[in-house]
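# Tertiary structure, described
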Amino acid sequence: MPAIIVDGRPFEVPEGQNLLAACLSLGLNLPYFCWHPAMGSVGACRQCAVKQFHDEQDTKGRLVMACMTPASDGARISIEDPEARAFRAGVIEWLMLSHPHDCPVCDEGSECHLQDMTVMTGHDYRRFTGRKRTFRNQNLGPFITHEMNRCIQCYRCVRFYRDYAGGRDFDAFGIRALVYFGRHADGTLESEFSGNLVEVCPTGVFDDKTLARHYTRKWDLQTAPSVCVHCGVGCNTLPGERYDSLRRIRNRYNGQVNSYFLCDRGRYGYEFVNSERRVRAPLLRSARGAEARPVSREEALKAAAAILGERGRAIGIGSPRASLEANFALRALVGPERFYSGLSEEEARLTALGLDILGRGPARSPSLADVRRCDAALVLGEDVSNTAPILALALRQSARQQPIREIASKLRIPDWDDYAVREALQDARGPLFIATPDATRLDDLAAQTYRAAPDDIARLAFAAAATLDPAAPPPPDLPGPLRELAERIARALAAAERPLVVTGVGCASEPIVRGAANVAWALRAVGRPAALAFVAPECNSLGLGLMGAPSLDFAVQAAREGRADTVIVLENDLHRRLDAPAADALLGGAARTIVLDHLGNPTTNGADLLLPAATFAEADGDLVNSEGRLQRFYQALTPGGDVRESWRWLRDVAAAADIGGVGGWQDLDEVVAAMARELPALAAAVSVAPPADFRIAGQKVARQHGRWSGRTAIHAAVSVHEPRPPDDPDSPLAFTMEGYHGEPPAPLIPRFWAPGWNSIQALNRFQEEVAGPLRGGDPGIRLIEPAVGAAPTYYAQPPAAFTPTADEWLLTPAHHVFGSEELSVLAPGVAERAPAPYVGLAPADAARLGAGEDDGIDVTIGDRRLRLPARIRPGLPPGVAALPVGLASLPMPSLPARARLALAPPAAPAPSEAPEGAA
């Protein structure tokens, strides 16, 4: 490790860092603006100046920018040198010349990096009395506010949006001495990562528009470590609460998962917690079809006991959006043989297949940190920008790895020198191949794309695997162009140091998943350390898969055969997973239904008894992400009224009905311990986070900031007494400002704050080194590791080629980052970005039907008929149509499916518009 000397003190620092990163890793205070640990250095702000000396005899030295100077062995620098301090003070003074005096009304106030750096440099008085530069602000959509007058021109925003995230509708515009950061015109930012501008910007230029509707200062937000519930990636988050309302979501760093960033669905989808559709009290129907009436908790438990007692044979339907503990409690209540996963048959089969492939090995499931380091990738059948956005962001970084190694490294340009690296690379990209039915937002990076039906995508994968290893079965009758593409993919992956294969359930195709496994296994067979990323659709799909329960189809069969007198549904809208006849057979037959959920939906609307369940922000529990990483989330607010965690409802139902097997669980730790004993695959849950009795210096960790201002003001008309803090028996966190405010273990960090560092940049103080893991290790435990020395048998029987027919189309699922996910779409901002229902058509198919954009199309799937507007999708191959997944107003058939399409007849004119002379 290089040894450097800072103000006369020797330090060892990690290899390959610049002086700024090295100083911050050592816990030294050195101000900066333009540098970012994920994006590197450009030397735009000149704020991190230090004095560097040649040797011990050099007393004069020279000023250098720490972010642009390597931390080489023997480097001697001074942060406290008077000339360096004066230079930094001058820089901050002229950066602040036009900055408005609006800290008291700025949303960034109290967590502003500019405030921190101004104090750190000692700049506290303004001498400038001239006219300030002013700009017109833009409307950037439902997520972000824009206040350009606060800009200090650090270029972080445009570097993240364009260079790091690949957006193209935001830029830096310059004229004379003015630089403007925004869009060419007012309009919603198109990138699904736009919300990161709020945390990337060191000032208040970009702020959270959803927070502005119910604004509160940072120190008045009660926060807790949590996990995003809007896809299978499992990003770590910090939800903030005030006055029993969830106010915002911020990024919680996890070096193995989301690192410094979140997608907009994860950041802004939280408002479903405050939705008017929340179920706040138990609802009971006296008879089928009667009006549901609110009842007390005691009445609800008595009714549940009566339903279970009089019927006797109950089945439980789990949920991939509920915690492991809630699913386990339901399993314990009804018995393992009568517990069903709550997944559709296709999703359950694909999840089980993915778990089997990853568990058998030898290809390992990569973390997102592993993905960012990969230097060649093949994406098979998964539109990751819409199904796993942060994975797509990681793939963007992986596309730079091979050119950095082959171009920048040979020029001896360090990785952190971002501007020089990008100048050297120009448009060079590593090999990224994308095979999907339709275009994706990653296509701009792809070395080559392949648009085809799912079976043809699988055939490409089988062909690539056979090219790599002759022992892998090739597909028959492969056309020449497809064979050439398979050979090109095989060559690129075999030449890579860290090849990656990405697949998932996006196309609902078993052959694609099997083909992806063959490619990864073939790479392993030829000595390449290939990783296989499997994209699970929901936040706990893999966790539910590890429980090994049958799918919903088996539950429907049990209901049709009269083996289910009572159906208990856990946080699952079955109408999103089953067609209408199957849902009616399960929920509308002779069986009574008990539903636990937090939002009204078609399943809750027909429940005989509805119990209000807590959301992720009001509960504690564990989830398993797509990597197979078990992670714990903690409640940020106490649920109001009769809202309770699902496992507590189920425990009390069992006690009221005198059903054994659930036990007298008192807290989360007891549920986790019982689950670990019953399900060895989930035994690691007992050690994924400290237990509830964990204390630091005899104290719980405070959820509330040390400057917490209390909650009496809003209730002053009633009482000025501070109420007793709620008790929390489930975690080592306290609902109070009284407690430990230092650095707790990584799974328990409720906020990133350090003396002098009030902004999110305080994260540097919690890491082992800048951009490295949190001290003590990043949260989570991997549950899936391939067997050592595994030698799997290749999947055989590649599918036959897809053949379009004259009267039928193959209808494939189309995913949307805004709209396809059940919970986030109830947030107003996300709903505004969601598309209206449509059917996507290839240009040739639209011409064959005589349809133009927005023309009505009759879609017939079996005995179901839909009328939808046409959307011309140039990426679709002929014979393949696309139907968006999960839109609330669109019934969801099982896809892929064969469908008949026809141009809908024009609507009959209204009577007032009837042509003259018409009868």
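The structure we're discussing is the one just above.
Anyway, here's the lowdown on the structure attached to this text. The model shown is predicted, which means the values in this text are computed figures rather than measured ones. (Residues numbered from 1 in each chain as written. Predicted model: local features only at pLDDT ≥ 70, side-chain atom pairs only at ≥ 80, totals over all residues. Heavy atoms only, no water.)

## Some thoughts on the sheet that holds strand β14 (residues 283-284)
Using the following cut-off: A pair of strands counts as paired when DSSP detects no fewer than two bridges linking them. Working definition: helices are DSSP H or I runs of at least four residues, strands are E runs of at least two. Numbering for both runs from the N terminus.
Overall, mixed pairing links the seven strands, which are arranged β15-β14-β25-β24-β23-β16-β17 in an open sheet. Unpaired on one side and paired on the other, β15 (293-294) and β17 (339-340) mark the two borders of the sheet. In the sheet, strand β23 (residues 566-570) pairs with strand β24 (residues 592-597) via five bridges, with the strands oriented parallel. Pairing of V567 across the sheet is with T593, part of β24.

## Re the nonpolar core
The criterion, for reference: Buried Ala, Val, Leu, Ile, Met, Phe, Trp, Tyr and Cys residues that are joined via side-chain atoms within 4.5 Å together make up what is termed a nonpolar core. Three exposure classes are used, based on accessible area relative to the maximum for each residue type with a 1.4 Å probe and protein chains only: buried under 20%, partly exposed in between, and exposed over 50%. When checking whether two residues touch, look at their non-hydrogen atoms; a contact exists if any pair is within 4.5 Å.
Counting residues in hydrophobic clusters, the biggest one holds 108 residues, and the most contacted among them are L333, L380, V519, L532, M547, I568 and W665. Look past the residues within four positions of W665 in its chain and what remains in contact with it is F328, A329, A332, W647, R651, E670, V671 and A674. By size, the runner-up hydrophobic cluster in this structure holds 90 residues, among which are F160, V200, Y268 and A617.

## Quick look at a nonpolar patch on the surface
Stated formally: What goes into a patch is any residue over 30% in relative accessible area without a salt bridge, connected to like charges within 9 Å or, for nonpolar side chains (Val, Leu, Ile, Met, Phe, Trp, Tyr), within 5 Å. Note that accessible areas follow from Shrake-Rupley with a 1.4 Å probe, and for residues the cover is restricted to the protein chains shown. Basic side-chain nitrogens of Lys or Arg form a salt bridge, by our definition, when they fall within 4 Å of a carboxyl oxygen of Asp or Glu.
Taken together, the side chains of W94, L97 and F128 define a hydrophobic patch exposed on the protein surface, amounting to about 280 Å² of accessible area. Positionally, L97 belongs in the loop between α2 (82-95) and α3 (113-121). Overall, the relative accessible area of 30% leaves L97 in the partly exposed class.

## Description of unusual backbone geometry
Keep in mind that most residues, glycine aside, have a negative phi and that most peptide bonds are trans. The residue after G361, namely P362, is reached through a cis peptide bond having omega 10 degrees. Residue position: P362 is located in the loop between α10 (345-360) and α11 (368-373). The amide bond that connects L895 to the next residue, P896, takes the cis arrangement and shows omega of 0 degrees. Even without being a glycine, D7 presents a positive backbone phi close to 50 degrees.

## Digging into the packing of α10 against helix α18 (residues 510-525)
Spelled out, the test is: Orientation is described by lines fitted to C-alpha atoms, with helices fitted over the stretch in contact, and by angles between N-to-C directions that extend from 0 to 180 degrees. The scheme is simple: roughly parallel for angles under 35 degrees, roughly antiparallel for over 145, roughly perpendicular for 65 to 115, oblique for anything else. Under the convention adopted here, Pro, Cys and the residues Ala, Val, Leu, Ile, Met, Phe, Trp and Tyr are nonpolar, Asp, Glu, Lys and Arg are charged, and Gly plus all remaining residues are polar.
Running from N to C, α10 and α18 cross one another at 10 degrees; their axes reach a closest spacing of 10 Å. When the interaxial angle is binned, α10 and α18 end up roughly parallel. Note on element contacts: α18 touches α10 through E510, V513, R514, A517 and W521, opposite R349, L350, L353, I357 and R360. Residues that form the contact of α10 with α18 fall into these classes: six nonpolar, no polar and four charged.

## Here's the deal with the sheet that holds strand β27 (residues 629-633)
In spatial order, the strands read β26-β27-β30; together these three strands make up an open sheet with antiparallel pairing. Taken across any chain shown, the strands that pair with only one partner, and hence form the sheet edges, are β26 (621-624) and β30 (781-782). As judged from the four bridges shared by β26 and β27, these two strands associate in the antiparallel manner. Opposite D622, over in β27, you have R632 as the bridge partner.

## Remarks on the side chain of N251
Convention followed: The definition of a polar contact used here is a pair of N or O atoms within 3.5 Å, where within protein one atom must be able to donate a hydrogen and the other to accept one, and adjacent residues in sequence count solely through side-chain atom pairs.
Structurally, N251 is set in strand β13 (residues 245-251). A distance of 3.3 Å separates a polar side-chain atom of N251 from the backbone oxygen of Y260. Apart from the residues lying within four places of it in its own chain, the contact partners of N251 are E199, N236, L238, N258, S259, Y260, F261, L262, R267, F752 and I760.

## Things to note about the side chain of E347
Mapped onto the secondary structure, E347 falls in helix α10. Residue E347 is classed as buried on the basis of its relative accessible area, which comes to 13%. Leave out the neighbours within four places in its chain, and E347 touches P320, P537, E538, S541 and R577.

## Observations regarding α3
When we look at burial in α3, the residues that qualify are H113, L114, D116, M117, T118 and T121. Residues of α3 that are buried make contact with α2. Residue G122 follows α3 closely and has a positive phi angle near 80 degrees.

## Thoughts on the pattern of salt bridges
As enumerated under the stated definition, the model contains 59 salt bridges in all. With a shortest N-O distance of 4.0 Å, E56 and R76 are connected by a salt bridge. Here E56 is found in the loop between β3 (49-53) and β4 (62-65), whereas its partner R76 is found in strand β5 (residues 76-78), with 20 residues between them in sequence. The exposed category is assigned to E56, whose relative accessible area is 60%. Taking the shortest distance from any N to any O, the salt bridge between R873 and D438 comes out at 2.8 Å. Of this pair, R873 sits in the loop between β34 (864-872) and β35 (880-884) while D438 sits in the loop between β19 (432-436) and β20 (448-451); the two residues are 435 residues apart in sequence, bridging distant segments of the chain. In this structure R873 comes out as partly exposed when scored by relative accessible area, which is 21%. One salt-bridge network, in which partners are shared between bridges, spans R364, D370, R373, E627, R629, R782 and E785.

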